[in-house]
Amino acid sequence: MTLAGSGEGISREELQLAARNHGLHLEALCYPITPVGLHYLLIHYDIPEVDPGEYRLELGGRVSRPLSLSLTEIQARPAVELAVTMECAGNGRALIEPHVVSQPWLQEAVGTARWRGTPLRPLFREAGLEDGAVEVAFAGLDQGVEGGEEQRFERSLPLTDAMRPDVLLAYEMNGLPLPPQHGFPLRLLVPGWYGMASVKWLSEITVLDRAFAGFQQAHSYRLRKQEDEEGVPLGRILPRALMAPPGVPEFLTRQRVVEAGACLLEGRAWSGFGGIESVDVSPDGGRTWSPAELEHDLDSPWAWTAWSFEWDAPPGEHDLWCRARDEAGNVQPLKPEWNLGGYANNAVQRVSVLVR
Ligand SMILES: Nc1nc2c(c(=O)[nH]1)N[C@H]1C(S)=C(S)[C@@H](COP(=O)(O)O)O[C@H]1N2
Ligand SMILES: [Mo]
């Protein structure tokens, strides 16, 4: 990662990334399940073209019986459907100072889908884990150059996390085959973890007897303040609440314009550390806070929770904030904490509105 000079805007390179990797249109927070085209996207390299007839998933490494499965064989296995909220670890990056040069997300790198697939765990039993197995690496079919290294997109999980019963090999999203941009024909799905763990276009699973040293694991997607620091790999999603921006936007600035009087503020909140315990709303830039009403409208422990708040909007300019707390006691901070990759910035959302 590089830093732009202070006062420098988004570069052409960042604009190029932003045009390929779009976020959730925040008004789409009204849907419990995000329609596929509105779900955020993060694609490091190119979307690979995959022939489903030729496709195979290989599982090898520290196992006694390596597996090679066709898509039809994977789809014939026991299936599970699970609503999961996924968020990019870089969500909030563009709001961090000093500016971190990468995909310039504001706060919209999130979405919830109904994923259908087969649990990963039984494959390990069939393949027979050998002594010393501690970690599992997952490789996608997509390739590129990053940090000067030619690579496939690869990430690993500690074996205990890879063995969680809700970790899926997913081949459907919202009742349809995965679209190319979301990992056709197969992706890993790690509920509760930032998106980088859910490897798309999954082609190879390797059981390891040591820590995986691939670029996305050992260098990228780690929380650290300095290049020479080891840091920790990103894992679970920190809590966040977002509101569907009220009223109507001004085209260029996206400043919200709202009619005076009763205004229902609505949004969603999520955390990878368990359920959402509360969402608080401040209609006056953090001076006073009141609890929002929660509605758990999805039957999944890994999907976001809807919230709403009755606001009596007085004329003038207002700064609306919202803040989530999860069942583990994590609360969103008011200010971002800087780190080298611009990751995990879950500082509260601030929506400026003009009430007329
Ligand atoms: N093979 C592969 N898997 C990948 C990525 C990628 O670039 N290549 N991006 C990761 C990142 S950083 C995120 S946030 C999620 C995004 O998933 P989505 O595009 O389906 O929303 O996929 C992850 N899996
Ligand atoms: Mo990401």
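Residues numbered from 1 in each chain as written. Chains lettered and ligands numbered in written order. Predicted model: local features only at pLDDT ≥ 70, side-chain atom pairs only at ≥ 80, totals over all residues. Heavy atoms only, no water.

Visitor: What's the story with the overall build of the chain in this structure? I'm lost.
Guide: Helix and strand counts for the chain stand at five helices and 24 strands. For the chain, the spread of C-alpha atoms along the principal axes amounts to about 70 × 45 × 35 Å. Carbon and sulfur atoms form 52% of the exposed surface of the chain, whose accessible area is close to 16,200 Å². Positive and negative side-chain charges in the chain, numbering 31 and 49 respectively, have mean positions lying 2 Å apart. (Helix = DSSP H or I, 4+ residues; strand = E, 2+ residues; numbered from the N terminus. Areas by Shrake-Rupley, 256 points an atom, 1.4 Å probe, with all protein chains shown as cover. Lys, Arg positive; Asp, Glu negative; His and termini not counted. Charge placed at Lys NZ, Arg CZ, Asp CG, Glu CD.)

Visitor: Whenever I open this one, the nonpolar core confuses me. Can you help?
Guide: For soluble globular proteins, nonpolar side chains are generally found buried alongside one another. One finds Leu120, Phe138 and Ile205 to be the most contacted residues of the largest nonpolar core, which totals 69 residues. Considering each element in turn, this core owes the most residues, five residues, to strand E9 (residues 168–173). Inspection of this core shows a minimum of three residues originating in each of domain 1 (2–233) and domain 2 (240–355). With sequence-adjacent residues up to four places away left out, Leu120 is seen in contact with Phe138, Ala162, Val167, Leu168, Leu169, Leu188 and Ile205. Membership of the second largest hydrophobic core comes to 20 residues, among which are Cys263, Ala269, Trp311 and Val353. (Core = buried A, V, L, I, M, F, W, Y, C linked by side-chain atoms within 4.5 Å. Buried < 20%, exposed > 50% of the residue type's maximum accessible area, 1.4 Å probe, protein only. Domains from an automatic or database assignment. Contact = heavy atoms within 4.5 Å.)

Visitor: Sorry if this is basic, but what is going on with the domain arrangement of the chain here?
Guide: In many analyses, interface size is given as the accessible surface area lost on bringing the parts together. Domain boundaries in the chain define domain 1 (2–233) and domain 2 (240–355). Taking only C-alpha atoms into account, the centre of domain 1 sits 27 Å from that of domain 2. Each side of the interface is counted separately: domain 1 has 43 residues, and domain 2 has 28 residues. Buried area between domain 1 and domain 2, summed over both chains or domains, comes out near 3,000 Å², and the portion from carbon and sulfur atoms is 59%. Per-residue buried area on domain 1 facing domain 2 is highest for Leu29, Gln107 and Lys225; these three make up 21% of the total on that side. (Buried area = accessible area lost by both parts, 1.4 Å probe.)

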